[in-house]
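# A closer look at the structure
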Number of protein chains: 2
Amino acid sequence: MKIGIFGYGNLGRGVEYATRAAADAELVGMFTRRDPSSVKTETGAPVFSADDILKFKDKIDVLVICGGSATDLPEQTPALAEHFSVVDSFDTHAKISEHLARCDGAARRGGNVAVISSGWDPGLFSLLRVYSSAALPEGEGYTFWGRGISQGHSDAIRRIPGVIDARQYTVPVPEALAAVRAGECPSLTTREKHRRECFVVVEDGADRAEIETAIKTMPNYFADYDTTVTFISREELLSEHGGMPHGGSVIRNGRTGEGGNTHTVEFSLRLDSNPEFTGSVLVATARAAYRMSSRGQTGAYTVLDIAPADLSPLSREELLHTML
Amino acid sequence: MKIGIFGYGNLGRGVEYATRAAADAELVGMFTRRDPSSVKTETGAPVFSADDILKFKDKIDVLVICGGSATDLPEQTPALAEHFSVVDSFDTHAKISEHLARCDGAARRGGNVAVISSGWDPGLFSLLRVYSSAALPEGEGYTFWGRGISQGHSDAIRRIPGVIDARQYTVPVPEALAAVRAGECPSLTTREKHRRECFVVVEDGADRAEIETAIKTMPNYFADYDTTVTFISREELLSEHGGMPHGGSVIRNGRTGEGGNTHTVEFSLRLDSNPEFTGSVLVATARAAYRMSSRGQTGAYTVLDIAPADLSPLSREELLHTML
C-alpha cells in the first residue's frame, strides 16, 4: 500500500518511521503547509506542498492525516476523504459523532474509506473498553492515563505570562489505581483519579508564586486536580523532560454467576514516545482502510468497525497458526 | 436473540448465567446427551435431549456448543453448523485451521454463521496478540498463563493409579514475568516461563513417592517443567482448591523510530471462574454471530474476523459516546 502523510510534525514523523517498519507499505511523501524546501524528513522521504495533494490522487492508496484535533482535522479529514482513503487520530471525544458523519458523507461521495479517531485513546483503549464491557456486562470500567506528558496541559502553562517553557505529566493516583487493580469498584472523583505534575521554566525575575497560583487555579486544566509545580532551568527541562512518554490502563472489574465470582480485565500501555506509538497504530489502521477500500467498502468508520485481522500484515493462515 | 446451549457442564452453566446477564438474549434451553429429567439447571431453564435439537431449527438464533475440544467439538460444531448459527470454544491450537475449514463448509451449506475458538485463549488473548503485533511490528510477544487451574493437567494426575483427586495450577515464573514486564525480551524455555503446582489426594496406603515421580516425569504434561507435588486430604482439596480460577497475560515489547524508544503493551486477566468468564465471552460472540447472520453473511469465522462493535449490546451511537 502506498502511504502519504499529510502534516509533518511529531505525529507525522511517527507515521514516517512506522511506514518504514511495515514491510507492506511504501511512503510516497509528506505534504506540508510550510515551504517544502525548508522541511528535512527523518528517512529522506520527499516533501511536497499540501496545495499539490490532488495531483497525487492516483499515486496514494491511503493518506494519513496528522493534523491537530482542534482546528486541522475537522476541516482536513472530510475535505481529503472526498479524494483519498484516509486515516486520522481525531481525539475530541465530544465531537466524534459529528466528525464521523461529515467524513462519512465525503468518503461515500468519493468512493473512499475514512477511519477516524485511531491511535491509543481513542483507539486501542476504545477497543479494550468494548471488549471488556462485552465480556463483563455487570461491572465497572476505569481508564487511567499516565504517567505521561499531556501536550494540551503543557501548552496551557506556556501561555501564562512569564513562562518560557513547561512540561505537564498526568499521573494516576497510586491508591486509586491499586484499589481498582485489586478488584474494587470505587466511585472516584476527578481529583481522586489523577494528579498533575508541572515542570516550569520562567523568565528571570518572574513572580513564581503568582505563576504557581495561576497554574493551580486554572479552570478545566488544573483546578479540579492536586497539582504540583516545580520550577527548573531550561537545561534541566531539556535533559530530564525532553521525551514524550505516555501510557495508561483500561481496567474493568465484573461479576458473573451467583457465587460472587469476580474478574479483572486490564489493558495497559507504557510508551517511551506517544507520537511514535500513535504513528505505528495509524499505519496499521491505514492497512485496514486500504483492505476495506479494496473490497469495495466506502464511508467512515472507527476502530470499533474494523475486523482485527485487517490490521495485521499476516495472512489468514499465518494469523490462525501464530496468533489464535 | 434466542440462545440454545448444547452440552451442559461447567461451561454450559457459565453460558447459562451469561445469557441471563445479557439484556438482549433469551435462553431457549439446554440440550444434553444425558436423560433430560436427570438434569437440574441453575436458572430453571428447560432441558431437552440432544437428539431433539433439529426440532428447534426455527426456535434458536445461535447455538452455543459447550463440548470438549478433544472429541466433542470436532464432530458437533460442523454437524450443527449445517442447521444453526453456532459458536464454540475449540482450543486445540494445532487443529484450528482444519476445524475452521470443516465448519466453513457446513455453515455455507446451511446458510449459517459459525464462530469457532472463542473464549479467552484462544479468544481475547488472540485478539491482543494481533493488536499488539500490528501496533509494534518490531518486537517480541509473550503469553503467560495462570495462576490458574488446568483441567487437562488435573485430569492427567487423576489417571495415575492410587490418585483419588487432584488440582493442578499453572503458575508463571515470577522472574520471567517481571523481566518481560520491565521491557526486556528474553528467550525463555518452557521451564523458564511456567511452573506447575499439584495438589493430590491419594488412597490410604498409596506409595506417595512413586506417585510424585509418576507426575514429575510425565511427558508433555510435567517433564519439561519445575513441578511441585503436595499431598492433601479430600476435605482440604474441596475447601482450598474447589474453585476454577485462571488468568494470565499477553505482553509485547516493541521498538519504534531511531532513538531507541521502546513500548510495552500488556493485557491481563484475573478470573475467579474460568468457565463463567469463558461463557460470558461466548455469549458476546453469539451476539456477533447473530448480527453477522442477520446481515446475510455465511461461513466460519474466528474472533479475528469480528468487528468489535458486533460483540457489544450497545448501539453505534452509544459506543461512540461512551466507549470511543
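Residues numbered from 1 in each chain as written. Chains lettered and ligands numbered in written order. Predicted model: local features only at pLDDT ≥ 70, side-chain atom pairs only at ≥ 80, totals over all residues. Heavy atoms only, no water.

## So, the domain arrangement of chain A
All names here are of chain A.
- Each domain of chain A was delimited in the assignment, giving domain 1 (2-121 + 275-322) and domain 2 (139-258).
- Using only C-alpha atoms to locate each centre, domain 1 and domain 2 end up separated by 30 Å.
- Tallying the contact residues gives four residues for domain 1 and five residues for domain 2.
- Counting the surface lost from both domain 1 and domain 2, the interface buries some 360 Å², and carbon and sulfur atoms represent 70% of this.
- Taken together, domain 1 and domain 2 are joined by zero salt bridges.
- Applying the counting criterion to the domain 1 and domain 2 interface returns one residue pair in polar contact (both at pLDDT 80 or more).
- Residues of the side of domain 1 that touches domain 2, tallied by class, amount to two nonpolar, one polar and one charged. (Domains from an automatic or database assignment. Contact = heavy atoms within 4.5 Å. Buried area = accessible area lost by both parts, 1.4 Å probe. Salt bridge = Lys/Arg side-chain N within 4 Å of Asp/Glu carboxyl O. Polar contact = N/O pair within 3.5 Å; in protein donor to acceptor, adjacent residues only side chain to side chain. Nonpolar A, V, L, I, M, F, W, Y, C, P; charged D, E, K, R; others polar.)

## Focus: the sheet that holds strand 10 (residues 194-202) of chain B
All names here are of chain B.
- Here we have four strands laid out as an open sheet, ordered 8-9-10-11, and mixed in their pairing. The open sheet has two free edges, formed respectively by strand 8 (148-149) and strand 11 (226-231), since each of these has just one partner strand.
- Pairing of strand 10 with strand 11, which is carried by six bridges, proceeds in the parallel orientation. Among the inter-strand pairings, F199 is bridged to a residue of strand 11, identified as T230.
- Seen against the sheet, helix 5 (residues 151-158) touches strand 8, strand 9 (163-172) and strand 10 and runs at an angle of roughly 145° to strand 9. (Pairing = 2+ DSSP bridges. Helix = DSSP H or I, 4+ residues; strand = E, 2+ residues; numbered from the N terminus. Axes fitted to C-alpha atoms, helices over the stretch in contact; angles between N-to-C directions.)

## Focus on the interface of chain A and chain B
- On the side of chain B, 66 residues touch chain A, which itself brings 66 residues to the contact.
- When chain A packs against chain B, close to 5700 Å² is buried across both sides, 57% of that on carbon and sulfur atoms.
- For the interface between chain A and chain B, the tally reads four salt bridges.
- Notably, a salt bridge pairs A:E258 with B:R20, separated by 3.2 Å at the nearest N-O pair.
- For the interface between chain A and chain B, the tally reads 32 residue pairs in polar contact (both at pLDDT 80 or more).
- Listing elements by their share of the side of chain A that touches chain B, those giving two or more residues are helix 1 (10-21), helix 3 (96-110), helix 4 (124-135), strand 13 (261-271), helix 10 (274-294) and helix 11 (316-322) of chain A.
- Per-element accounting of the side of chain A that touches chain B gives the leading share, 11 residues, to strand 13 of chain A.

## Some thoughts on the relation of the copies chain A and chain B
- Its rotation angle being 180°, the transformation that places chain A on chain B also includes 0.0 Å of axial translation and leaves an RMSD of 0.0 Å. On the angle and the small slide along the axis, the relation comes out as a two-fold axis.
- Of the residues that chain A buries at the interface, 100% are likewise interface residues in chain B, meaning the two copies contact each other through the same surface. (Least-squares fit on C-alpha atoms with pLDDT ≥ 70 in both.)

## Description of the packing of aromatic side chains
All names here are of chain A.
- Within the structure shown, the criterion is met by 13 aromatic pairs over all chains.
- On the basis of an interplanar angle of 80° and a centroid distance of 4.9 Å, the ring pair of F31 and F56 is categorised as edge-to-face. Here F31, found in strand 2 (residues 26-32), pairs with F56, found in the loop between strand 3 (47-49) and strand 4 (62-65); they are 25 residues apart in sequence, far enough to count as distant. Each member of the pair F31 and F56 is classed as buried. (Phe/Tyr/Trp six-rings, centres within 6.5 Å; stacked < 30°, edge-to-face > 60°. Buried < 20%, exposed > 50% of the residue type's maximum accessible area, 1.4 Å probe, protein only.)

## Quick look at the side chain of A:S69
- Among the secondary structure elements, A:S69 is positioned in the loop between strand 4 and helix 2 (72-81).
- Within the structure, A:S69 has its side chain in polar contact with the side chain of A:D91 (distance 2.7 Å).

## Topic: the side chain of B:H246
Residues and elements named next belong to chain B.
- With respect to the helices and strands, H246 occurs in strand 12 (residues 246-256).
- Since its relative accessible area comes to 8%, H246 is described here as buried.
- A distance of 3.4 Å separates a polar atom in the side chain of H246 from the backbone oxygen of I149.
- Beyond its immediate sequence surroundings of up to four residues, H246 is in contact with W120, W145, G146, R147, G148, I149, S150, L269, R270, L271 and N274.

## Thoughts on the pairing of strand 4 (residues 62-65) of chain B
Residues and elements named next belong to chain B.
- Side-chain alternation along strand 4 places V62 and V64 on one buried face and L63 and I65 on a second face that is also buried.
- Bridge analysis of strand 1 (residues 2-6) against strand 4 gives four bridges, and the strand direction is parallel. If you follow G4 over to strand 4, its bridge partner there is L63.
- The pairing of strand 4 with strand 5 (residues 85-87) spans three bridges and is parallel.

## Details of the pairing of strand 11 (residues 226-231) of chain A
- Only one face of strand 11 of chain A is covered, namely the face carrying A:T227, A:V229 and A:F231; the face carrying A:D226, A:T228 and A:T230 is uncovered.
- Note on the crossover from strand 10 (residues 194-202) of chain A through helix 8 (residues 208-216) of chain A to strand 11 of chain A: the handedness is right-handed. (Right-handed = clockwise from strand over helix to strand, strands pointing away.)

## Quick look at the state of the cysteines
All names here are of chain B.
- For the coordinates displayed, the defined rule picks out zero disulfides over all chains.
- Between C103, a free cysteine, and C66, which holds the nearest cysteine sulfur, the sulfur-to-sulfur gap is 15 Å.
- Residue C103 is classed as buried on the basis of its relative accessible area, which comes to 0%. (Disulfide = S-S within 2.5 Å.)

## Brief notes about helix 4 (residues 124-135) of chain B
All names here are of chain B.
- Compared with the 16 Å implied by 1.5 Å per residue over 12 residues, the 16 Å span of helix 4 between its first and last C-alpha is a close match.
- Most of helix 4 sits inside the fold, with 12 of its 12 residues counted as buried.
- All of the buried residues in helix 4 are L124, F125, S126, L127, L128, R129, V130, Y131, S132, S133, A134 and A135. (Expected span 1.5 Å × (residues − 1).)

## Side note on the packing of helix 1 (residues 10-21) of chain B against helix 10 (residues 274-294) of chain B
Residues and elements named next belong to chain B.
- Relative to each other, helix 1 and helix 10 sit at 55°, their axes nearing to 7 Å. The orientation of helix 1 relative to helix 10 falls into the category oblique. In terms of crossing hand, the pair formed by helix 1 and helix 10 is right-handed. Listed contacts from helix 10 to N10, L11, G14, V15, Y17, A18 and T19 of helix 1 are P275, E276, T278, G279, S280, L282 and V283. (Parallel < 35°, antiparallel > 145°, perpendicular 65-115°, else oblique. Left-handed = near helix turned anticlockwise from the far one by under 90°.)

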